[in-house]
Amino acid sequence: MGVKVVPARKSRPRTSAPGAHFSLAVSGLQSNWGAMWSGANRAAEEFYAGLLQEFDENKKGIRKDPFIYEADIQVQLISKGQPNPLKNILHENETIFIVEKVPLEKEEPSPIEELQSEDTAISDLSTGENVGLLALPIGRARQLIGFYTMAHNPNMTHLKINRPVTALPPLWVRCDGSDPEGISWLGAELISTSSNITGIVLYMVTCKVDKNFSVNLEDLKKSHKKRHHLSTLTASGFARYELFKSTALDDTVAASQTTITLDISWSPVDEILQTPPLSSTATLVLADGLRTGVTEWPEPLEAKSAVQLVQEFLNELSKLNEFGDSTKKDTEIVKHDAAAVDGSIECLLTVRGDLDFAEQLWCKMSSSVISYQDLVKCFSLVIQSLQRGAIQPWLHSGSNSLLSKLIHQSYYGTMDTVSLSGTVPVQMLLEIGLDKLKKDYLCFFIGQELASLNHLEYFISPSVDTQEQVHRVQKLHHILEIVVSCMLFIKPQHELLFSLTQSCIKYYEQNPLDEQHIFQLPVRPTAVKDLYQNEKPQKWRVEINSGQKKVKTVWQLSDSPPIDHLNFHRPDFSELTLSGSLEERISFTNMVTCSQVHFK
């Protein structure tokens, strides 16, 4: 019996009603979007919480390391007055958050690797590599800016954030410049009233090497108007001229690190790279005075030993004493102290002809003493001569030094016993050196008619302890260096020098010694026009706005990179001329643009 097999008709099983596939797809998509938004919400909450904690602890004076976000990102709060990586871009000194990658930790090198690293150290420096300044991809940077914006948006009420939201300082994120626009920074700054956050300004900074830049001021204005829907605007200019900067190749000032710049601001701006008009506001900026570094015990400048020189000096005075003339002022010309004054300052200091006994003794000992034993022997000779009455030297008034007290006692034939042990000989030498330096500085400032005795009373007062006297003389020396820098390198009018001196005196009467302090002095452009009108600026900037400080467009040209975390081409040392400048000047342009978002 045969069996006939009839193949079944192919048919697609119906598992759902029509349209079910579309519904499932939409449902899945909604589920994915929901998970994404949930994740973004949590991320915004966590990011804001970290920023808020950092902000609160900073207000309480608690200093700590940057906080880490999601293992690979660090955030640090830069307070007002601290070194700011945005100073060359924003030209403001506000508290801000800086966001960047966590620096890679370097492994401890083996001895072989250490030897190899010494060979490559110079090449690493020349390429400008710095593992401490790590930027983020633009996508990640925008995400973090988004979290900051979400957290401050009053409409995002579903976020688990205490209300009202605390308005945090601006947030700036380092970017690696790998996108087509070459973005180097993204920033966000809140717009707020006394009680509400009403919006946010989003900033974008780009920077590039641009030898042949082509930009038109009118085009910048039109772009700003279009972006912000404005009808009126103003353009303000800024230019910085480097009047003097010492370099390693400059042999005129061996240990100088002085920088003298002129900052000029004006409005309106007529064209790109406009020379500042004489109606501008100008400020002279002086930084890093002629710092000679650590003063070490000098090599002997005399062929004879210190003991020989002091003995000969005492013998001469003793002979004068025999003729009843030991109080006569010695008119011997004595060179300036090599340990206190370098060549650039010495040329402006008048050699004093009224040195008293202690000052002449200082000059002979400071140029020849090479050991502690020399100190003891020299002061022993002096004290013995005083005790015998062999000399009756004269002194200037106003000294509280131990040697001056002994000399005054010797006039009456009775002297205290002094043990030349421990730190006593060093203290004695320090005291007579301080007395001489004070009089040298008085002679300079009063002789140049830059200050009066009353102006300098704080710096020369003997009523404080020796250590404080040293600090005050160091301050006076720094003032001298700043003033001499101006006299030598920009030759200003006396009125300007007087104002600068008084400004430095006022600062140091109230502040500790700070050789990094930048002294600023307002000047009239007409008084310094010859210093800048035919020179190229170190930096030139135009800022376009319409009366709102935060909404602006900035274009800047400079001869050094304003961004510290991007690798620009740096010329090698063979491209340097003898004067330390580049044969072909390299220019960097950077642009700051912004957009304003209002929370409705």
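Preceding this section is the structure that the text describes.
I will try to describe carefully the structure that is included in this document. Given the structure is predicted, the values throughout are model-derived calculations rather than measurements.

## Quick look at the overall build of the protein chain
At step 1: Of regular secondary structure, the protein chain possesses 15 helices and 13 strands.
At step 2: Taken over 600 residues, the protein chain has a buried fraction of 43%.
At step 3: Taking as baseline every contact in the protein chain between residues at least 6 positions apart, the subset at least 24 positions apart corresponds to 70%.
At step 4: Put simply, the protein chain shows about 33700 Å² of open surface, and 52% of that area lies on carbon and sulfur atoms.

## Considering helix α9 (residues 372–388)
At step 1: Between its first and last C-alpha, α9 extends 25 Å over 17 residues, near the 24 Å set by a 1.5 Å rise per residue.
At step 2: Taken from the residues just after α9, G389 is the one with a positive phi, measuring 80°.

## Some remarks on the packing of aromatic side chains
At step 1: Applying the stated criterion across every chain yields a total of 14 aromatic pairs.
At step 2: Residues Y507 and F519 carry aromatic rings whose centres are separated by 5.5 Å and whose planes lie at 80° to one another, so their mutual orientation is edge-to-face. Placement of Y507 in helix α14 (residues 494–510) and of F519 in strand β10 (residues 519–523) is noted, with a sequence separation of 12 residues between them.
At step 3: By relative accessible area, which is 3% here, F519 ends up buried.

## Concerning the side chain of H565
At step 1: As for its placement among the helices and strands, H565 is situated in the loop between β12 (552–558) and β13 (588–598).
At step 2: Reaching out from H565, the side chain makes a polar contact with the side chain of R174 at a distance of 3.0 Å.
At step 3: Within the structure, the side chain of H565 is placed 3.1 Å from the backbone oxygen of C175, a separation counted as a polar contact.

## Some details on the nonpolar core
At step 1: The biggest cluster of nonpolar side chains holds 56 residues, and the ones touching the most others in it are L262, L284, F445, L456, I479, W540 and V542.
At step 2: Among the elements that make up this core, the one with the highest residue count is helix α13 (residues 466–489) (10 residues).
At step 3: Two domains share this core, each providing at least three of its residues, namely domain 1 (36–102 + 132–233 + 546–567 + 585–599) and domain 2 (237–291 + 449–544).
At step 4: Once residues lying within four places of it in the same chain are set aside, the contact partners of L456 are L442, F445, A451, L476 and I505.
At step 5: Formed by 38 residues, the second largest nonpolar core is a distinct cluster that contains A141, F147, L159 and A188.

## Details of the packing of α13 against α14
At step 1: The interhelical angle for the contact between α13 and α14, taken along N-to-C directions, is 160°, at an axis separation of 10 Å. On the basis of the axis angle, α13 is roughly antiparallel to α14. Every pair of crossing elements has a handedness; the one defined by α13 and α14 is right-handed. In contact with K475, H478, I479, I482, V483, C486 and M487 of α13, α14 contributes L497, L500, T501, C504, I505 and Y508.
At step 2: Here the residues of the contact of α13 with α14 sort into 10 nonpolar, 2 polar and 1 charged.

## Details of the pairing of strand β8 (residues 259–266)
At step 1: For β8, the buried fraction is high: 7 of the 8 residues fall into the buried class.
At step 2: Summarising the sheet, strand β7 (residues 234–245) and β8 pair through 8 bridges and their orientation is antiparallel. Bridging across to β8, E242 finds its partner in T261.
At step 3: In this structure, β8 lies alongside strand β9 (residues 281–287), joined through 7 bridges in antiparallel fashion. Bridging from a neighbouring strand, D263 pairs with T283 of β9.

## Quick word on the pairing of strand β4 (residues 171–174)
At step 1: With burial as the criterion, each face of β4 is covered, one bearing L171 and V173 and the other bearing W172 and R174.
At step 2: Bridge count for β4 against strand β5 (residues 183–192) is 4 bridges, and the pairing is antiparallel. In the sheet register, V173 faces β5, and the bridge partner there is L186.

## Side note on the state of the cysteines
At step 1: Under the defined criterion, the tally for this structure stands at 0 disulfides.
At step 2: With no disulfide partner, C504 has as its closest neighbouring cysteine sulfur the one in C486, 8.5 Å distant.

## Side note on empty space enclosed by the protein
At step 1: Under the counting rule described, the total for this entry stands at 2 cavities of 30 Å³ or more.
At step 2: Taken as a whole, the second largest cavity encloses approximately 50 Å³ of empty space.
At step 3: Every residue along the wall of the second largest cavity is listed here: D356, A358, E359, L395, H396, S399, S404, D435 and K439.
At step 4: At the level of secondary structure, the elements contributing two or more residues to the lining of the second largest cavity comprise α8 (357–366) and α11 (424–447).
At step 5: Here the residues of the lining of the second largest cavity sort into 2 nonpolar, 3 polar and 4 charged.

## Brief notes about the packing of α11 against α13
At step 1: Between α11 and α13, the least distance of the axes is 10 Å, while the angle of their chain directions is 35°. For the pair α11 and α13, the crossing hand works out as left-handed. Facing α11, whose interface residues are Q427, L430, E431, L434, L437, K438, Y441, F444 and F445, α13 presents T466, Q469, V470, V473, L476, H477, I479, L480, V484 and M487.
At step 2: Here the contact of α11 with α13 is built from residues that sort into 13 nonpolar, 4 polar and 2 charged.

The rules we used
- Residues numbered from 1 in each chain as written.
- Predicted model: local features only at pLDDT ≥ 70, side-chain atom pairs only at ≥ 80, totals over all residues.
- Heavy atoms only, no water.
- Helix = DSSP H or I, 4+ residues; strand = E, 2+ residues; numbered from the N terminus.
- Buried < 20%, exposed > 50% of the residue type's maximum accessible area, 1.4 Å probe, protein only.
- Contact = heavy atoms within 4.5 Å.
- Areas by Shrake-Rupley, 256 points an atom, 1.4 Å probe, with all protein chains shown as cover.
- Expected span 1.5 Å × (residues − 1).
- Phe/Tyr/Trp six-rings, centres within 6.5 Å; stacked < 30°, edge-to-face > 60°.
- Polar contact = N/O pair within 3.5 Å; in protein donor to acceptor, adjacent residues only side chain to side chain.
- Core = buried A, V, L, I, M, F, W, Y, C linked by side-chain atoms within 4.5 Å.
- Domains from an automatic or database assignment.
- Axes fitted to C-alpha atoms, helices over the stretch in contact; angles between N-to-C directions.
- Parallel < 35°, antiparallel > 145°, perpendicular 65-115°, else oblique.
- Left-handed = near helix turned anticlockwise from the far one by under 90°.
- Nonpolar A, V, L, I, M, F, W, Y, C, P; charged D, E, K, R; others polar.
- Pairing = 2+ DSSP bridges.
- Disulfide = S-S within 2.5 Å.
- 1 Å grid on protein atoms, 1.4 Å probe; cavity = no way out; pocket = protein on both sides within 12 Å on 5 of 7 lines; lining within 4 Å.
- Points joined across faces, edges and corners; volume = space filled by probe spheres on them.

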